[in-house]
Each structure stands twice: as structure tokens, then as C-alpha cells.
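So you can see what is in the structure, the chains are spelled out below.
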Amino acid sequence: MSTFNKTGFITRAEQKQQTRKRLLEATMEVIASEGLSGVTMAKVAQQAGLSRGIGNFHFQSKEQLLLETLRTIFQEFDRGWRNIVADIDRLPAEKLKAIIETTLNPPIASKKKLAVWLAFWGEAPSRKKYLEICAAHDREWDAATEEIIRQMADDDFNPHGMSPAKIAQSLTAMMDGFWVEYLLCAVRYTPNDAIKACYAFLSSFFPNLKMSN
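Residues numbered from 1 in each chain as written. Predicted model: local features only at pLDDT ≥ 70, side-chain atom pairs only at ≥ 80, totals over all residues. Heavy atoms only, no water.

Engineer: What am I meant to see in the overall build of the chain here?
Structural biologist: Along its length, the chain carries 9 helices and 2 strands. In the chain, the succession of helices and strands from N to C terminus is β-β-α-α-α-α-α-α-α-α-α. With respect to the principal axes defined by its C-alpha atoms, the chain has extents near 65 × 40 × 35 Å. Counting over 213 residues, the chain shows a buried share of 39%. In the chain, once contacts between residues fewer than 6 apart in sequence are set aside, the share between residues at least 24 apart is 65%. (Helix = DSSP H or I, 4+ residues; strand = E, 2+ residues; numbered from the N terminus. Buried < 20%, exposed > 50% of the residue type's maximum accessible area, 1.4 Å probe, protein only. Contact = heavy atoms within 4.5 Å.)

This is the structure:
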């Protein structure tokens, strides 16, 4: 059976997908305001403007809802950098610039999504779940960044005693740190500040690398 909305015809499957999306967005909002411990199925349903029964139909437990929320933001981030790396029309330097600017700007670096990342990083039981879902892909993220840096290195490349792997790991660690700064110091620390800092770090290895206009 299908239903109609203001924009026209939508299938039951599409309606179900939209409802799940509303619940996941609502979960992010609750985590951002109250942390993981403050999340309940009732609060999420209320935030989404849905009944608790609808929430329980889509997610059978709070744990399932939280893990699916983490997977959702992780998959968005993962697709973002992988699509950039896979773009054969971009030069390595352009890929690195795109990765920095995509990772440090919304929608990936929105406040509510960053709150979810930090919530899972900050609590020991949740950190274990984070590692189960994300650790292998995090290593791939570092390795892809390292490979771009290797491709950018020419005869004049001065690593200042650091390997390409350590340069890549330092860069990705900086980006993680900037996400924390966004939440703690949102008024005085902006994505543009973070992007400038990444370019300042990389300019010691690649003096010709310039920030996009």
C-alpha cells in the first residue's frame, strides 16, 4: 500500500525510510543536548514528533538505535573521503585539499553529528562499540591520506624527520581535535580556522599548497 504527501506519490518503503531518518536525526539531537546516558526511546520519539510505538517498531532497543545513529554518521563521513580519493580527475594535492575542507565543514562537521562522535569516544563501553564499527575504516582513512602525501612528494620534499605515515596520522589527529574544539569553543573557533591550521601544518612539507578560495 502507498501513501501521498505534498510532493506526490511515495511508497511504503520510502515512508519507512523517512521515518527511520527522523528517528536517527532526533537521536542526534538528544545526544547533543543530554549525552548518551540521556537517550531514551520516549525522548527520541517525542523529539521526532512520533509515538513511542513507532520508535520501537523501527528500533527494538536503545542500544540498536544508538549504534545505527553512529553507523549513519560514520557512513556519511566514510563515503565523503572515499569519493574524493576515488576521483581520478583530481590531482593528489586537490584530493588532500578536498578531504580537509569536506571533513571540517558541515554537513559532516555539524554540531549534532560531532556530539555523537564525541559521546562514543568519551565513554569506555561506547568506545568499544565505536572501535568495533569504525577502527578498521579509520586505519584505511589514515592509509589513504598517507598515500596522497606520498604521491605529492617530489625531489624537493622535506619531511622534517617525519614519515608520510606520521604526517598523515598527525593531520587526521588534528582534524579530530578540531571537531572537539568546535563543540567546546564554537563561538571563537570556526571551520575556517581549522582549515587554515591544517594548511599551515602541511605548508612545512608542501610550501606551494594553498587554501582554496
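Engineer: When you look at the nonpolar core in this model, what are you seeing that I'm missing?
Structural biologist: Across soluble globular proteins, nonpolar side chains show a tendency to be buried alongside one another. If you look at the biggest cluster of nonpolar residues, it comprises 61 residues, and the most contacted ones within it are Leu-104, Trp-117 and Trp-179. Of all the secondary-structure elements, those providing two or more residues to this core are α1 (12-34), α2 (41-48), α4 (62-85), α5 (92-103), α6 (111-122), α7 (124-152), α8 (164-184) and α9 (191-203). It is α4 that contributes the most residues to this core, 9 residues altogether. Contacts of Trp-117, omitting those with residues within four sequence positions, involve Leu-70, Ile-73, Phe-74, Phe-77, Tyr-130, Cys-134 and Trp-179. (Core = buried A, V, L, I, M, F, W, Y, C linked by side-chain atoms within 4.5 Å.)

Engineer: Would you mind going over the environment of His-137 with me for this structure?
Structural biologist: With respect to the helices and strands, His-137 occurs in helix α7. Between the C-alpha atoms of His-137 and Phe-74, which are 63 residues apart in sequence, the distance is 9.5 Å. Setting aside anything within four residues of it in sequence, one finds His-137 in contact with Phe-74, Asp-78, Trp-81 and Arg-82. Only 3.0 Å separates the side chain of His-137 from the side chain of Arg-82, close enough to count as a polar contact. (Polar contact = N/O pair within 3.5 Å; in protein donor to acceptor, adjacent residues only side chain to side chain.)

Engineer: Sorry if this is basic, but what is going on with the side chain of Glu-146 here?
Structural biologist: Mapped onto the elements, Glu-146 comes out in helix α7. Look at Glu-146 and you get buried, because its relative accessible area is 19%. When near neighbours in sequence (up to four residues on either side) are disregarded, Glu-146 contacts Pro-164, Ala-165 and Ala-168.

Engineer: Where do I start with α8 in this structure?
Structural biologist: Residues lying three or four places apart along an α-helix face the same way, a consequence of the helix completing one turn every 3.6 residues. The end-to-end C-alpha distance of α8 is 30 Å, a good match for the 30 Å that 21 residues give at a rise of 1.5 Å each. Restricting attention to buried positions, one finds in α8 the residues Pro-164, Ala-165, Ile-167, Ala-168, Leu-171, Thr-172, Met-175, Phe-178, Trp-179 and Tyr-182. (Expected span 1.5 Å × (residues − 1).)

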